[in-house]
Amino acid sequence: DYSAATNTGDYSAATNTGDYSAATNTGNQSAATVEGKDSVAISTGYNSKAKASLGSAICICERGKWNGETYPLLAIKAAIIDGETLKPDTWYKLKDGEFVEVRE
């Protein structure tokens, strides 16, 4: 509980099962997931995803294709998993600035 899992590698995962915790991932094509209550999963890398339990939150960045220097930031969005608009324990990423489900 009250803990953090952080990962910066590409194709990697940051997972946290404690309550009031955070999982953050900055690697490209990576994942962040939280299973505890009132927690936050944050994913900022190119083509990355996040999932969270009911009542927890996700925050995801959308990035453009490599431009020779970076993957430019296009959008960022955060939301609480409410079970209606966003489903618990479901992978999401951003596309055109909106949450979309990701097949595992």
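Described in the following lines is the structure provided in the data block.

Calculation rules
Residues numbered from 1 in each chain as written. Predicted model: local features only at pLDDT ≥ 70, side-chain atom pairs only at ≥ 80, totals over all residues. Heavy atoms only, no water. Phe/Tyr/Trp six-rings, centres within 6.5 Å; stacked < 30°, edge-to-face > 60°. Helix = DSSP H or I, 4+ residues; strand = E, 2+ residues; numbered from the N terminus. Buried < 20%, exposed > 50% of the residue type's maximum accessible area, 1.4 Å probe, protein only. Lys NZ or Arg CZ within 6 Å of the ring centre and 35° of its normal.

### Quick look at the packing of aromatic side chains
Consideration 1: Counted according to the given criterion, the structure contains 4 aromatic pairs.
Consideration 2: With a centroid separation of 4.4 Å and an interplanar angle of 20 degrees, the aromatic rings of Y46 and Y71 are classed as stacked. With Y46 in the loop between β5 (40–43) and β6 (49–52) and Y71 in the loop between β7 (57–63) and β8 (73–80), this residue pair connects regions lying 25 residues apart in the sequence.
Consideration 3: Ring geometry for Y92 and F99: centres 6.2 Å apart, planes at 75 degrees, overall edge-to-face.
Consideration 4: By relative accessible area, Y92 is classed as buried at 3%.
Consideration 5: F99 gets classed as buried once you look at its relative accessible area, which sits at 16%.
Consideration 6: By the ring-pair criterion, three or more aromatic residues cluster together here, those being Y46, W66 and Y71.
Consideration 7: Residue placement shows K49 over the ring face of W91; its charged tip is 4.5 Å from the ring centre.

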